[in-house]
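Remarks on the overall topology
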Amino acid sequence: MKFYYALFFFLLAFLNTQAQNIKVINSITKEPVFGVAIYNVDKSKSTITNFRGEADINEFSDTEYIYFKHLSHILKKLTKQQLGTTRTVLLESNTQGLDEIVISASKFQQSKRDIPQKIVSVNAQNVQFSNPQTSADLLETTGQVYIQKSQLGGGSPMIRGFSTNRLLITVDGVRINNAIFRGGNLHNVISIDPFSIQNTEVTLGAGAVIYGSDAIGGVMSFYSQKPQLSHNDSLLFKSNVILRYATASNEKTGHFDFNLGYNKWAFVTNASYTEFNDLKMGSHGPTDYLRQEFVLTTNSGDEIIENSNNLIQKYSGYNQLNLMQKVKFQPYQNLSFDLGLHYTTTSDIPRYDRLIRYRNGTLRSAEWNYGPQQWFMSNFQITKLSSRSNLYDKIKTTLAYQNFKESRKDRDFQSDIRNVREEAVDAYSFNLDLEKTVSTKTQFFYGLEYVYNKVMSNGTEENINLNTSTPTVSRYPNGASWQSAAVYTSIKYKPNSKFVFQSGLRFNHIISKANFEENNVYLNLPFNTSKNEASALTGTAGISWSPNKIIQWKLNASSAFRAPNIDDIGKVFDSEPGSVVVPNNNLKPEYAYGGELGLKLDFNKKLVLDVATYYTYLDNALVRRDFTLNGETEIMYDGELSNVQAIQNASKAWIYGFEAGLKWTITNQLTLNSQYSVIGGTEEDEGIEVPVRHVAPNFGNTHLTYTGNDFKIDLFANYNNELSFNQLAPSEIEKDYIYALDDDGNPYSPSWYTLNLRTQYQLTKTTTLTASLENITDQRYKTYSSGIAAPGRNVIIALKYSL
């Protein structure tokens, strides 16, 4: 009998203990929050949540206040009685706190306060609320990345006066820039599915020590969803389904993802499909942007048709499919194996800026499409986060393969010939990154990288009437290769909590090879092969100093470089009407030397002011300039007599700017955020200083945000200064067809603004509704250098269901 009594009381105690278990989750993502400190008012009782977000609060009384504290969430207090029977605690994200941890600065987690450079972070909650249509739009929401669009299926980021192949893109730590990343507007960032993004970090300024060539103006680091383990023998299943519709482009998007988590294995699957129709521009703005007519191709040939609604930008619609599969195996707490597979493909994407060109008063092109833009990446990582080795405490090995495919198809009005150029790149990379804590004050980060790219390229002329095709000059030398080998090291010295010094060096050696024999049938270049070798030593040094709780100073100096790639050395293409770029095998790396000074004033989180100024000098700049080919300044290309140009080390540039940000917490629910960027710069063009092409106009945004228990509303404005005719770069003036005309008939980029409203409502624990009204006043505008006008008044509705 005593045994039964003992068993009864044991079961009673067990059930009572079980009843005291709670789970702490994020109020938006519903993800468990690990490491939440739970304590009473005098901290005599305390506990912490485990990896599942669970904790035992049995020792706390029913009426005393229990505090829940986590770095990236707002402090919360309640009693057991207030908890009731739900046993679930919802914590609201603290954006300021979430930004405190960054990975991109060293490949391992660091406190953001310790980094002497400015890094902008976007987390999963920000992505869900901003509801971007592409990853380019996601970057634009930061207020510190400017986005240019030649067509609807595009988005070329500009950061601090640099763009395209002077910026670096990474996904899960893998370099996306390849050997054919060009100096013209570049749209590869749209291949990254915004629904798959867990967080994004944008480094403003050079990142060459960690990332090598191309990281001159900034680094955009995207980190995709990670598989979640259950950490026990039960299955952790999570799933999201999202449907979205937008009126301006009649966009229809569907997405689903699900996670299967076991004790040591986890899987996450992600799929998205988006269909865009032709984009509608706004009603109020320059008439120069209106689409008055377009070319329609029928069985009887090409016809110019009057546009019945000149606000509809024919033709601009396309569709896109994104797939992602990830697998995680974690046999021990500090050791994990991760496999990631990404695949993206699009339909043909009409290049809208080419479709609105005129020649002799008639639309020039009957068709101009980017062929399907395809990207595949397989990425295998081994990460060990603790070790007794004398060489490292943490180590990460990354092996990746990528395949890029793109093409261009164009045909002139009433021409039988369609020009088709197809490219593919195989990219292999290996990274080894290590971290070693030498003492409580000093950490070392070091590693090595090897990258190999193989370029395939061919050109054909198709006769659409005869259904025949003949070979022609390809865009790049077929079979060209580009490879890079590098070692790097950096040190972080933190003698106390107020001062941090970080410095690093990187040595890079790059070799590119190309064979021009196939293209010399058409070009007759004075060389058949080229081999370009270059070495670069770059470095950085900076400090972060917080003399008190209010003030933080950041000072950083750095050098960066961009080595010539196959696009620079071997490209053949029509850069603009009447010009053709030809290969140049005599190129050297361009170098950038810069510095920045930042000041942050934090008045107890109630008011935060963040300002920074920077300056960059670009030497030996790789730019497009007039050239001669076998003594000739003009050659025939695609049936047109064209001026000969080539990429050359023929310029210098000076870029400078100022950035200011404000965050004012008016009440616990109401905040005001504002960001403004001022950018200037000139470059040398045949001894004359002229504006730099990728220096954006001054721009900014202001957000007034109210956050309730289940409801969030954001009233915000985006604004952009004018660039007058005299402020446009010469290469932009030549593209007058994409710009408005001033009173003198010269092209210029007008100022513009939009007023916008965004809301999010938690309908149930599983269902979230996000609705936006963008460009409320229906402004007609183009972001600087864009070929396509931005959306007019746009209603966006998204419904998310989570399990």
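Our structure is the block above this text.
Before going into details, it helps to say that this report is about the structure given with it.

So, how was this worked out
Residues numbered from 1 in each chain as written. Predicted model: local features only at pLDDT ≥ 70, side-chain atom pairs only at ≥ 80, totals over all residues. Heavy atoms only, no water. Helix = DSSP H or I, 4+ residues; strand = E, 2+ residues; numbered from the N terminus. Rg over C-alpha atoms; globule rule 2.2 N^0.38 Å. Buried < 20%, exposed > 50% of the residue type's maximum accessible area, 1.4 Å probe, protein only. Contact = heavy atoms within 4.5 Å. Areas by Shrake-Rupley, 256 points an atom, 1.4 Å probe, with all protein chains shown as cover. Pairing = 2+ DSSP bridges. Axes fitted to C-alpha atoms, helices over the stretch in contact; angles between N-to-C directions. Polar contact = N/O pair within 3.5 Å; in protein donor to acceptor, adjacent residues only side chain to side chain. Patch = residues over 30% accessible without salt bridge, like charges linked within 9 Å, V, L, I, M, F, W, Y side chains within 5 Å. Salt bridge = Lys/Arg side-chain N within 4 Å of Asp/Glu carboxyl O.

For the rest of this paragraph, the subject is the overall build of the protein. When helices and strands are counted, the protein shows 10 helices and 54 strands. The globule rule puts the C-alpha radius of gyration for 803 residues at 28 Å, and the 28 Å found for the protein is close to it. Counting only C-alpha atoms, the protein reaches 105 × 60 × 50 Å along its principal axes. Buried positions account for 55% of the 803 residues belonging to the protein. Expressed as a percentage of contacts within the protein between residues at least 6 apart in sequence, the contacts between residues at least 24 apart total 66%. As presented, the protein carries roughly 33,700 Å² of accessible surface, and 56% of it is formed by carbon and sulfur atoms.

Here the focus is the sheet that holds strand β5 (residues 66-70). With respect to topology, four strands assemble into an open sheet ordered β3-β2-β5-β6, the strand pairing being antiparallel. This sheet does not close on itself; its edge strands, each paired only once, are β3 (46-48) and β6 (73-78). Pairs of neighbouring strands in the sheet enclose a mean axial angle of 15°, with direction left out of account. Across three bridges, the pairing between strand β2 (residues 37-39) and β3 is antiparallel. Across the sheet, Y39 pairs through a bridge with S46, a residue of β3.

Within the secondary structure, S283 sits in the loop between β21 (279-280) and β22 (293-298). A C-alpha to C-alpha distance of 8.8 Å links S283 and T777, two positions 494 residues apart in sequence. Setting aside its immediate chain neighbours within four residues, S283 contacts L311, D778 and R780. Polar contacts involving the side chain of S283 include one to the side chain of D778, which spans 2.6 Å.

With that settled, the discussion passes to a nonpolar patch on the surface. On the surface, L339, L341, F380, L399, F430, L448, Y450, V487, L505, F507 and L537 cluster together into a nonpolar patch covering about 930 Å² of accessible area. Elements with a contribution of two residues or more to the nonpolar patch: β26 (335-346), β34 (442-463) and β37 (499-515). Note on placement: L399 falls in strand β32 (residues 394-412).

A word on the pairing of strand β30 (residues 365-370). Here β30 lies mainly inside the structure; six of its six residues are buried. Pairing analysis gives two bridges linking strand β27 (residues 349-350) to β30, with the strands arranged antiparallel. Note that in β30 the partner of P350 across the bridge is N369. The pairing of β30 with β32 spans five bridges and is antiparallel. Residue pairing across strands places N369 opposite K409, the latter belonging to β32.

Turning our eyes to something else, we now look at the sheet that holds strand β14 (residues 167-171). Read from one edge to the other, the open sheet built from five strands follows the order β10-β16-β17-β14-β15, with strand pairing classed as mixed. Edge positions in the open sheet fall to β10 (118-123) and β15 (174-175), since each of these has one partner strand only. Pairing of β10 with strand β16 (residues 197-204), which is carried by six bridges, proceeds in the antiparallel orientation. Each bridged residue has a counterpart across the sheet, and for V122 the counterpart in β16 is T200.

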